[in-house]
Amino acid sequence: MNKQQRSSASTLKRLAAVLAISLLAGCSLMPTYQRPSAPVAAQWPDSAGVNTADSSASTTSQTALNWRSYFSDPALRQLIDTALANNRDLRVALLNIDQARAQLGVRRADQLPTLNAAAAGSRAPGSDGAINSTYSAGLTVTAYELDFFGRVASLKEQALAQVLASAEAAQTVQISLIATVAQTWLNLLADEELLAVSRRALNSRAESLKLVDLKVEHGAASDFERRNAQTLLESARVTLAQHMRQRALDENALALLLGQPVSAAQREQWTPHKLSQLMFAELPAGLPSDLLARRPDIRQAEQSLVASNANIGAARAAFFPRISLTAGAGSASSALSGLFKSGSWGWTLAPQLVLPIFDAGRNQANLDAARTGREIAVAQYEKAIQSAFREVADGLASRATLVEQLQAQQALLDAETARSQLTQLRLEHGVANQLDWLDAQRALFSAQQALVQTRLASLQNQIALFKTLGGGMEAATGL
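Residues numbered from 1 in each chain as written. Predicted model: local features only at pLDDT ≥ 70, side-chain atom pairs only at ≥ 80, totals over all residues. Heavy atoms only, no water.

1. Observations concerning the pairing of strand S3 (residues 322–333)
Part 1: Most of S3 sits out of view: nine of its twelve residues are buried.
Part 2: With ten bridges connecting them, strand S2 (residues 131–146) and S3 associate as antiparallel partners. Residue pairing in the sheet places Val-141 in a bridge with Ala-327 of S3.
Part 3: As judged from the ten bridges shared by S3 and strand S4 (residues 345–354), these two strands associate in the antiparallel manner. (Buried < 20%, exposed > 50% of the residue type's maximum accessible area, 1.4 Å probe, protein only. Helix = DSSP H or I, 4+ residues; strand = E, 2+ residues; numbered from the N terminus. Pairing = 2+ DSSP bridges.)

So, in structure tokens, the structure goes:
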């Protein structure tokens, strides 16, 4: 290596040292992040029916509970696995993480100089009429910003917060998908039971109409009684058609969640199930403040707030000088054959400082917009906490009353069943009339349907609580 080459190498080393010092010397104008206080009460409302001592206890077991531990039924587990593998909403949410990571990669790359290999050649007529040739080749760093005031670093922090927010959004979608699949599956089980109740009622009323027709033929009953029996039959037929339609709609909804049609094997797996046979674990509510750590939608809102906070740092840095550096080292020659010969090596260093003097208020407007964006993010974060508090409080209040409602509904069905049997006996012995029997049949049919719907509401409430308390978490995403 000759003297000029050693000089160029030494210059590049000094340039690298200057760049490193510049990176270390950079400051940040980003405001210090402070988490806003939770705008909710410290305890659940009295309507939630939560014991204060129980809510203050540790809820580590609930926090660690994932959906596989909570949903033990094999048929339901298979449906959830299928949905997690094929659901398009979840797939989009996961791809959003990849997109946010790519943007973070761009921002991280902005913090380091871009080194390019460049080669150029030109030919032009000289003053004496001869053709002059110039050839050059080397390494260049073009317009690298020395981040003294943390503008680029703030943008990188903003991009990182967006990645974290996207990951939390994907976890929110996953939890919602798991809960929705479970609730739709319960809807289908309820549809099957309601269809069975409707078919039994339809068959029973068809037989009753035949008996009334025989009585009418022999003069033992009037046409008015026959019309009443026919009305009861047609009412059961209408209800059966409604339940058949609802079952088809619920199966279509499940197919959309699964990302594929429901197979015959899957139908056969859940057909024997009864709502009365299903049970889910009791979930401790904990304290309202626990939701900050458990619920990914709240963590997503907080990461969006962090991103808005970092954006203020970038907007503030725009008021200060922006220093960029263009440098190069290589060889230049008037002849292509002499491009890399001794004496052709050289280097250039061109720092540039730009200080905003007049921009018609653009920088101030950007800063105002960034500050307003942070206030919006604060309001959205607080709204996410309030919404979560309301969802859990509603679920707890429903849990406290649905148990009593289910017990009362079962007692009502038992009473209506006994009443129907007694009315049938009274009718057969001529003590009761046809209207008494029709009224008992209507009440029994209504009680049977109401019990199925109340059981469904109770089970769905437990799934909703599992979702709103932040359950169902598994490592769907990783950074």
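Resuming the write-up.
2. Brief notes about the sheet that holds S3
As a general point, the strands of a sheet are linked pairwise by backbone hydrogen bonds and lie either parallel or antiparallel.
Part 1: The sheet built from four strands is open, its strands ordered S1-S2-S3-S4 with antiparallel pairing. Lying at the two open borders of the sheet, with one neighbouring strand each, are strand S1 (115–125) and S4. Direction aside, the axes of adjacent strands within the sheet are offset by 25° on average. (Axes fitted to C-alpha atoms, helices over the stretch in contact; angles between N-to-C directions.)

3. What about helix H5 (residues 74–86)?
Part 1: The end-to-end C-alpha distance of H5 is 18 Å, a good match for the 18 Å that 13 residues give at a rise of 1.5 Å each.
Part 2: Within H5, the full set of buried residues consists of Ala-75, Leu-76, Leu-79, Ile-80, Thr-82 and Ala-83. Buried residues of H5 fall within an arc of 160° about the axis and therefore sit on the same side. Away from the buried face of H5 by more than 90 degrees, exposed residues Pro-74 and Ala-85 are located.
Part 3: Residues of H5 that are buried make contact with helix H4 (67–70), helix H7 (151–217), helix H8 (223–258) and helix H9 (264–270).
Part 4: Where H5 begins, one side-chain oxygen reaches toward the backbone nitrogen of Ala-75, 3.0 Å away; that side chain belongs to Asp-73. (Expected span 1.5 Å × (residues − 1). Arc of directions from axis to C-beta. Contact = heavy atoms within 4.5 Å. Polar contact = N/O pair within 3.5 Å; in protein donor to acceptor, adjacent residues only side chain to side chain.)

4. Quick notes on the packing of aromatic side chains
Part 1: Counted by the stated rule, this structure contains seven aromatic pairs.
Part 2: Judged by centre distance (4.1 Å) and plane angle (5°), the ring pair of Tyr-70 and Phe-466 falls under stacked. Here Tyr-70, found in helix H4, pairs with Phe-466, found in helix H13 (residues 434–468); they are 396 residues apart in sequence, far enough to count as distant.
Part 3: Joined through ring pairs, the aromatic side chains of Tyr-70, Phe-71, Phe-280 and Phe-466 make up one cluster. (Phe/Tyr/Trp six-rings, centres within 6.5 Å; stacked < 30°, edge-to-face > 60°.)

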